[in-house]
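Here's the letter readout for the chains.
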Amino acid sequence: MTVFLLLYLCTDATRTDCQVVPTQRWKGPEAYEQCIDALPGLTESLTAPNRERHRFVCEIQGEGAKHAEHKAQPAFIHQSFRM
């Protein structure tokens with residue numbers, strides 16, 4: 001199993017206009033648990049206003065995968081973000 005940690009960068013707190021940025025990838029039977037364990041620290045590292053707009057999501061990739069939140073395909077981009 002492969003799990004991607006995705007960062008949703010959204011323009012406002014409604015989270016209706018977001019850009020998906022893959023930030024980490026885990027492989028193996030414990031991949032989803034490793035991703036979930038990383039979420040609290042990463043979310044806490046965001047400033048309070050950014051926690052309202054942006055979010056981290058763990059998404060399972062592969063055949064027959066169940067998505068953690070919704071079906072968003074990672075868009076690989078070449079950009080740098082500073083928060």
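So, here's what we can say about the structure. (Residues numbered from 1 in each chain as written. Predicted model: local features only at pLDDT ≥ 70, side-chain atom pairs only at ≥ 80, totals over all residues. Heavy atoms only, no water.)

### Considerations on the environment of Thr2
Thinking step 1. Checked against the element boundaries, Thr2 lands in strand S1 (residues 2-10).
Thinking step 2. Taking relative accessible area as the criterion, Thr2 reaches 17% and is therefore assigned buried.
Thinking step 3. Thr2 sits 29 residues away from Ala31 along the chain, and the two C-alpha atoms are 6.6 Å apart.
Thinking step 4. For Thr2, the residues in contact, after removing those within four places along its chain, are Arg25, Trp26, Lys27, Glu59, Ile60 and Gln61. (Helix = DSSP H or I, 4+ residues; strand = E, 2+ residues; numbered from the N terminus. Buried < 20%, exposed > 50% of the residue type's maximum accessible area, 1.4 Å probe, protein only. Contact = heavy atoms within 4.5 Å.)

### Brief notes about the pairing of strand S3 (residues 55-61)
Thinking step 1. Where burial is concerned, most of S3 is hidden: seven out of the seven residues are buried.
Thinking step 2. Covered by surrounding structure in S3 are Arg55, Val57, Glu59 and Gln61 together with Phe56, Cys58 and Ile60, the residues of both alternating faces.
Thinking step 3. Two strands pair when backbone bridges link them, and S1 and S3 are joined in this way by seven bridges, in the antiparallel orientation. Its bridge partner lying in S3, Leu5 is registered against Cys58. (Pairing = 2+ DSSP bridges.)

Take it as geometry only, folks, not as evidence of what the structure does.
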